[in-house]
Amino acid sequence: MVVFNGLLRIKIGEALDLKPTAWSLRHAVGPKSQTQFALDTYIALNVDDSRVGQTSTKQRTNSPAWNEEFRTEVHAGGRIELSVFHDAPIGYDDFVANCIIQFEDILHNGSKHFEDWVSDDGPQHLTGMGVSPGLNTAVSR
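Within every chain, residues take consecutive numbers counted from 1 along the sequence as written. Only residues with pLDDT of at least 70 get local features here, since the model is predicted, and only at 80 or more are side-chain atom pairs given and counted; chain-wide, interface and lining totals rely on the full set of residues. To obtain the side-chain values, all non-hydrogen atoms of the structure were included, while hydrogens and water were left out.

*Asks:* Lay out the side chain of Asn 46 with the relevant residues and their values.
*Replies:* Secondary structure counts use DSSP, requiring at least four H or I residues in a row for a helix and at least two E residues in a row for a strand, with both numbered from the N terminus. Mapped onto the secondary structure, Asn 46 falls in strand β2 (residues 41–47). Polar contacts involving the side chain of Asn 46 include one to the side chain of Arg 51, which spans 3.2 Å. Should any heavy atoms of two residues lie within 4.5 Å, those residues are considered in contact. Apart from residues no more than four positions distant in its own chain, Asn 46 is found in contact with Arg 51, Val 52, Arg 79, Ile 80 and Glu 81. Pairs of N or O atoms are called polar contacts if they sit within 3.5 Å, as long as, within protein, a hydrogen donor faces a hydrogen acceptor (for residues adjacent in sequence, only side-chain-to-side-chain pairs).

And the structure:
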């Protein structure tokens, strides 16, 4: 297994066409409210099992743009996890989607910069550029 040691700089760009989960819609009333439900989203950024950052919450949008950058020192890092949540007004925040980027995939890229649309494999897709599921991120080492 390849691990990463060093300074990680990650810029979280945007997500397109996020869909609310059934749990997020539990308080929605009527058919229109379910199809036009706007999320209040943020992204939790983890390296392996450690939280290293969280974006600001973007209110009432299913295509949020954060353009926020995080820097952290990483020791024996294996993966980056980006989890999207809906900031619920009551109780726990609602999970929307997530994706995992392996450091091994970035390191085999051969450069010090990796930029791509990354996707989750679950039923909740983060749609990017209208072609493939994705979340626009840039990672530099």
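*Asks:* So what's going on with the sheet that holds strand β6 (residues 94–102)? Which residues, and what values?
*Replies:* The 4 strands lie next to each other as β3-β2-β5-β6, forming an open sheet whose pairing is antiparallel. Strand pairing shows two members of the sheet lacking a second neighbour, β3 (50–54) and β6, which therefore form its edges. On average, each strand axis in the sheet is inclined to that of its neighbour by 25°, with strand direction left out of account. Across 4 bridges, β2 lies against β3 in antiparallel orientation. Looking at the pairing, Ala 44 lines up with Gln 54 of β3. Strand pairing requires that DSSP identify at least two bridges connecting the strands. Think of each axis as a best-fit line through the C-alpha atoms, taken over the contacting stretch in the case of a helix, with angles from 0 to 180 degrees between the N-to-C directions.

*Asks:* Could you give me a rundown of the pattern of salt bridges, with the residues and numbers involved?
*Replies:* Every case where a carboxyl oxygen of Asp or Glu lies within 4 Å of a side-chain nitrogen of Lys or Arg is listed as a salt bridge. For the structure on display, the rule yields 5 salt bridges. For Arg 9, the salt bridge identified is with Glu 69, shortest N-O distance 3.7 Å. Taken together, the positions of Arg 9 in strand β1 (residues 4–15) and Glu 69 in strand β4 (residues 65–77) put the pair 60 residues apart, joining distant regions of the chain. Between Glu 69 and Arg 71 there is a salt bridge, with the nearest N and O atoms lying 3.1 Å from each other. Look at Glu 69 and you get partly exposed, because its relative accessible area is 41%. We call a residue buried when its accessible area falls under 20% of the maximum for its residue type, exposed when it is over 50%, and partly exposed in between, using a 1.4 Å probe and counting protein chains only.

*Asks:* Account for the nonpolar core, naming residues and giving values.
*Replies:* A general feature of soluble globular proteins is that nonpolar side chains tend to end up buried together. Counting residues in hydrophobic clusters, the biggest one holds 26 residues, and the most contacted among them are Leu 8, Ile 80, Leu 82 and Phe 103. Put simply, the parts of the chain that give this core at least two residues each are β1, β2, β4, β5 (79–86), β6 and α2 (103–107). With 5 residues, the single largest contributor to this core is β1. Only buried Ala, Val, Leu, Ile, Met, Phe, Trp, Tyr and Cys residues count toward a nonpolar core, and they belong to the same one when joined by side-chain atoms within 4.5 Å.

*Asks:* Kindly report on the confidence of the model for the chain, identifying the contributing residues and their values.
*Replies:* Per-residue confidence for the chain gives a mean pLDDT of 78; residues scoring 70 or more make up 74%. Looking at any residue, its pLDDT shows the predictor's confidence there, from 0 to 100. This stretch, residues 121–135, has a pLDDT under 50; its non-local contacts, to residues over four places away or in other chains, come to 45 contacts.

*Asks:* Explain the side chain of Thr 55 residue by residue, including any values.
*Replies:* Of note, Thr 55 is situated in the loop between β3 and β4. Thr 55 gets classed as buried once you look at its relative accessible area, which sits at 4%. Of the polar contacts made by the side chain of Thr 55, one reaches the side chain of Trp 66; its length is 3.2 Å. For Thr 55, the contacting residues outside a window of four places in its chain are Ile 12, Tyr 42, Ile 43, Trp 66, Glu 68 and Phe 70.

*Asks:* Any chance you could break down the packing of aromatic side chains for me, citing the residues and the numbers?
*Replies:* Aromatic rings from Phe, Tyr and Trp, taking only the six-membered ring of Trp, are treated as a pair when their centres fall within 6.5 Å; an angle between ring planes under 30 degrees marks them as stacked, one over 60 as edge-to-face, and anything in between as tilted. The tally for this structure, following the rule as stated, stands at 3 aromatic pairs. Each ring, one from Phe 4 and one from Phe 103, has its centre 5.0 Å from the other, and the planes form 10°; the classification is stacked. Taken together, the residues Phe 4 in strand β1 and Phe 103 in helix α2 connect sequence positions 99 residues apart. Exposure remark for Phe 4: the relative accessible area of 7% places this residue in the buried category. Owing to a relative accessible area of 2%, Phe 103 belongs among the buried residues under this scheme. With a centroid separation of 5.6 Å and 25° between ring planes, the pair formed by Tyr 42 and Phe 85 is classed as stacked. Of the two residues, Tyr 42 sits in strand β2 while Phe 85 sits in strand β5, which places them 43 residues apart along the sequence. Aromatic rings pair up to connect Tyr 42, Phe 85 and Phe 95 into one cluster.

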